[in-house]
Amino acid sequence: MTKRLSGKKILLGVTGGIAAYKSVELLRLLQKEGAQVRVVMTANACEFVTPLTFRAISGHPVARDTFSPDTTSGIDHIQLTDWAELFLIAPATANIIGKMAAGIADDALSTMAIAYDGPFLLAPAMNSRMYKNTILQSNIERLKSLGYKFTGPDSGDLACGYKAVGRMDEPAAILKKAVSILVTGDLAGRSILVTAGPTRERIDPVRYISNRSSGKMGYAIAEEAAQRGAEVTLISGPTDIAAPAVSKFISVTTAEEMHKAVTINAGGKDALILSAAVADYRPESLAPEKIKKVEQDLNLKLTKTTDIASELGKIKGSSLLVGFAAETENLIENASKKLKSKGMDLIIANDVSVEGIGFDVDLNKVHIIDKEGEVGQTDKLPKREIAGIILDAIKGRLS
């Protein structure tokens, strides 16, 4: 199996927060993907996890002191900044974020941060009130404006007893983000928008109309495209899947919200990949209170939603428009009609009546169709592999 970070050199900075224990697992995951990792710790970080732990796993001494060279590795702590291809700080406390934003260098980690001129990735972790502090948010925005990348934080149980935002991203999520920064693939320089998941059209405060889409296919495409170097915007309906490491993630619920988000973000994209299962109809009116059960039948009047694909087909310009067709009969015929009527360049068709593929499963089998007819089909494969095949077809047309 190919290791995604094979030979990549990562400098892992660990600061003083309870989330430092997660950085041990992060180190292991980075190495498992083939990365060479050196660790630098603040004095406070050493209160949570001992340097010996990181030294034992990394196989290298841990930099802690600004004035003590790392004679064992032959690379002193300043030269590490010349060696590294990515400076990853996890956890990144409010303190280190503030120092970096202000250009303060008063220990080994902050000194290296000032000396390093390559890509940065920071994984914030702190109390929710600290994270929401306007000064901290201003520091984050300043760093982002200078090109620094961030991942998280997530919401969840915090060490202080709060259940709120401030929890450091899980190591696997940080790894994905690191891969997206370091691995430049065949879609580097391309900008791609992907829609995924279902929409929910509200009937009353407790009920809605939806469909069986899990979002797995769209998420697989977005993640694969990002790992191949593309700048990816993922617009997703409600799913149970964690957001992948993409350039921009937008969560929506209704077809109207999906349409608005797509319209705002579609401009200038090389490819628009519409894998979301958007509702064709919504209730004409939203009941303000829960509809009570009565003896009579309930008649629900539906009205059409905006056809996002058709709208994009009229205004897409030079963007490659890729749609999906989930059919239960006359697969190629129905998909081809949809492609032509909506102004698409490619359509991905699959027969959702076949057991074991399509909705809410990890496998799929698709036919790829352009304006001339079917140009390819896949075997029954994991959706991530299907995503790669679809992107290969897209890449050829972008070229």
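Thresholds, definitions, all that
- Residues numbered from 1 in each chain as written.
- Predicted model: local features only at pLDDT ≥ 70, side-chain atom pairs only at ≥ 80, totals over all residues.
- Heavy atoms only, no water.
- Helix = DSSP H or I, 4+ residues; strand = E, 2+ residues; numbered from the N terminus.
- Contact = heavy atoms within 4.5 Å.
- pLDDT = per-residue confidence, 0-100.
- Axes fitted to C-alpha atoms, helices over the stretch in contact; angles between N-to-C directions.
- Parallel < 35°, antiparallel > 145°, perpendicular 65-115°, else oblique.
- Nonpolar A, V, L, I, M, F, W, Y, C, P; charged D, E, K, R; others polar.
- Phe/Tyr/Trp six-rings, centres within 6.5 Å; stacked < 30°, edge-to-face > 60°.
- Buried < 20%, exposed > 50% of the residue type's maximum accessible area, 1.4 Å probe, protein only.
- Core = buried A, V, L, I, M, F, W, Y, C linked by side-chain atoms within 4.5 Å.

*Asks:* What should I look at first to understand the environment of Ile 97 in this one?
*Replies:* Assignment of secondary structure puts Ile 97 in helix H4 (residues 94–102). With 27 residues separating them in the primary sequence, Ile 97 and Pro 124 have C-alpha atoms 8.3 Å apart. Filtering out sequence-adjacent residues up to four positions away, Ile 97 remains in contact with Ala 92, Leu 122, Pro 124, Met 126, Leu 136, Asn 139, Ile 140, Leu 143 and Phe 150.

*Asks:* Any chance you could explain the confidence of the model for the chain here in plain terms?
*Replies:* For any part of a model where pLDDT is low, the fine detail of the predicted coordinates should not be relied upon. Summarising the model, the chain shows a mean pLDDT of 89, and 94% of its residues fall at 70 or more. Contacts for the low-pLDDT stretch residues 70–74, under 50 throughout, to residues beyond four places or in other chains number 8 contacts.

*Asks:* Which parts of the structure should I look at to understand the packing of helix H1 (residues 20–32) against helix H2 (residues 51–58)?
*Replies:* How two helices sit against one another is set out by the angle between their axes and by the gap between those axes. One way to put it is that H1 packs onto H2 with a least axis distance of 10 Å and a crossing angle of 10 degrees. One finds that H1 runs roughly parallel with respect to H2. For the pair H1 and H2, contact is made by Ala 20, Ser 23, Val 24, Leu 27 and Gln 31 and by Thr 53, Phe 54, Ile 57 and Ser 58, respectively. A class-by-class count of the residues in the contact of H1 with H2 yields 5 nonpolar, 4 polar and no charged.

*Asks:* Hey, could you run me through the packing of aromatic side chains in this one?
*Replies:* The geometry of an aromatic ring pair is captured by two quantities: the separation of the ring centres and the angle between the planes. A full pass over the atoms with the stated rule returns 5 aromatic pairs. Centroid distance Tyr 116 to Phe 120: 5.2 Å. Interplanar angle 85 degrees. Geometry classified as edge-to-face. With respect to class, Tyr 116 is no different from Phe 120; both count as buried. Pairing Tyr 219 with Phe 249 gives two aromatic rings, centres 6.4 Å apart and planes at 65 degrees, and the pair type is edge-to-face. With Tyr 219 in helix H9 (residues 216–227) and Phe 249 in strand E12 (residues 248–251), this pair connects stretches of sequence that are 30 residues apart. Among the residues examined, Tyr 219 registers a relative accessible area of 5% and is labelled buried. Given the relative accessible area of 35%, Phe 249 is considered partly exposed. Chaining the aromatic ring pairs together yields one cluster made of Phe 87, Tyr 116, Phe 120 and Tyr 148.

*Asks:* So what exactly am I meant to see when it comes to the nonpolar core here?
*Replies:* The nonpolar side chains of a soluble globular protein tend to be buried with one another. In terms of nonpolar packing, the biggest core is built from 32 residues, with Ile 221, Ile 273 and Ile 394 touching the most fellow members. Every element with two or more residues in this core is listed here: strand E8 (191–196), H9, strand E11 (231–236), strand E13 (271–274), strand E16 (320–327), strand E17 (346–351) and helix H13 (383–398). When sequence neighbours within four positions are dropped, the list of residues in contact with Ile 273 reads Ile 192, Leu 193, Val 194, Thr 195, Ile 221, Val 322, Phe 324, Leu 391 and Ile 394. Among the nonpolar cores identified, the runner-up in size contains 31 residues, and Ala 19, Val 39, Phe 54 and Leu 88 belong to it.

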